[in-house]
Amino acid sequence: MSAHPGQTPGVSAPTDPKSANRARFELELEFVQALANPYYLHSLAQQNILEKPAFVNYLKYLLYWKDKDYARFIHYPHALHHLELLQNAQFRAALKKDEFLRDYLQQKQFDHWRTWRDPKHLNPSTSNTSNEAPADETAADKQQQAI
């Protein structure tokens, strides 16, 4: 028994349409979420995969994940942002040339995850601008600020 191209040997393709659709959905979801990793994007660029017209067309096809019915399954929202950036040929070329862009994306992603639930960053107008400490501030927070 031989596997079809692109199929893992020893794993048969689902025969019923519902299973085939689920397998395709899971495969595409996993790939789109992998796009959240700047190091993976850089690797794709270094291997010249981002220059192949078939791959660029596949990236265009994957834009359906931005629809809210599909986006709700995405655990890493940067994946959708990176998918959008990958539509631009200049971005794909810059990603191949420069490790700085990879590191910049990684830092921006880190900064987002570090601060996305911090009330100071969510609504700057509600942050405490006076020197008074908020009533719910713990001793550990006060000590950290003193350092």
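Residues numbered from 1 in each chain as written. Predicted model: local features only at pLDDT ≥ 70, side-chain atom pairs only at ≥ 80, totals over all residues. Heavy atoms only, no water.

- In the nomenclature of an unreviewed UniProt entry, the chain corresponds to Mediator of RNA polymerase II transcription subunit 31 from the organism Coprinopsis cinerea.
- Entered under Sequence similarities (unreviewed entry) in the UniProt record, the comment concerning the chain runs "Belongs to the Mediator complex subunit 31 family." (UniProt positions renumbered as here; feature names shortened; annotations may be inferred.)

## Remarks on the overall build of the chain
- Secondary structure summary: the chain contains nine helices and zero strands in total.
- Across the 147 residues that make up the chain, the buried fraction comes to 23%.
- Accessible surface for the chain amounts to roughly 11,000 Å². Of this, 54% is attributable to carbon and sulfur atoms. (Helix = DSSP H or I, 4+ residues; strand = E, 2+ residues; numbered from the N terminus. Buried < 20%, exposed > 50% of the residue type's maximum accessible area, 1.4 Å probe, protein only. Areas by Shrake-Rupley, 256 points an atom, 1.4 Å probe, with all protein chains shown as cover.)

## So, the packing of helix H1 (residues 17–34) against helix H3 (residues 53–61)
- Packing of H1 against H3 brings their axes to within 12 Å, and their N-to-C directions diverge by 105 degrees. Relative to H3, the element H1 lies roughly perpendicular. Of the residues in H3, those touching H1 at Arg24, Glu28 and Phe31 are Phe55, Tyr58, Leu59 and Tyr61.
- Each residue belonging to the contact of H1 with H3 can be placed in one class, and the counts come to five nonpolar, no polar and two charged. (Axes fitted to C-alpha atoms, helices over the stretch in contact; angles between N-to-C directions. Parallel < 35°, antiparallel > 145°, perpendicular 65-115°, else oblique. Contact = heavy atoms within 4.5 Å. Nonpolar A, V, L, I, M, F, W, Y, C, P; charged D, E, K, R; others polar.)

## A look at the packing of aromatic side chains
- Counted according to the given criterion, the structure contains 11 aromatic pairs.
- Aromatic pair Phe25 and Trp65: ring centres 5.2 Å apart, planes at 40 degrees, arrangement tilted. Placement of Phe25 in helix H1 and of Trp65 in the loop between H3 and helix H4 (68–71) is noted, with a sequence separation of 40 residues between them.
- Of the residues examined, Phe25 reaches a relative accessible area of 22% and is grouped as partly exposed.
- Measuring from ring centre to ring centre gives 6.0 Å for Phe31 and Phe55, while their planes differ by 90 degrees; the resulting arrangement is edge-to-face. Of the two residues, Phe31 sits in helix H1 while Phe55 sits in helix H3, which places them 24 residues apart along the sequence.
- Grouping aromatic residues by their ring pairs yields a cluster made of Phe25, Phe31, Tyr40, Phe55, Tyr58, Tyr61, Tyr64, Trp65, Tyr70 and Phe73. (Phe/Tyr/Trp six-rings, centres within 6.5 Å; stacked < 30°, edge-to-face > 60°.)

## A closer look at unusual backbone geometry
- Even without being glycine, Asn48 reaches a positive phi, approximately 60 degrees.
- Relative to the helices and strands, Asn48 is located in the loop between helix H2 (38–46) and H3.
- The exposure class assigned to Asn48 is partly exposed, which follows from its relative accessible area of 31%.

## Thoughts on H2
- Listed as buried for H2 are Pro38, Leu41, His42, Leu44 and Ala45. The arc enclosing the buried residues of H2, seen along the axis, measures out at 160 degrees, which places them on a common side.
- A side-chain oxygen of the first residue of H2 lies 2.8 Å from the backbone nitrogen of Tyr39; this N-cap is Asn37.
- Of the residues flanking the end of H2, it is Asn48, one or two places downstream, whose phi is positive at about 60 degrees. (Arc of directions from axis to C-beta. Polar contact = N/O pair within 3.5 Å; in protein donor to acceptor, adjacent residues only side chain to side chain.)

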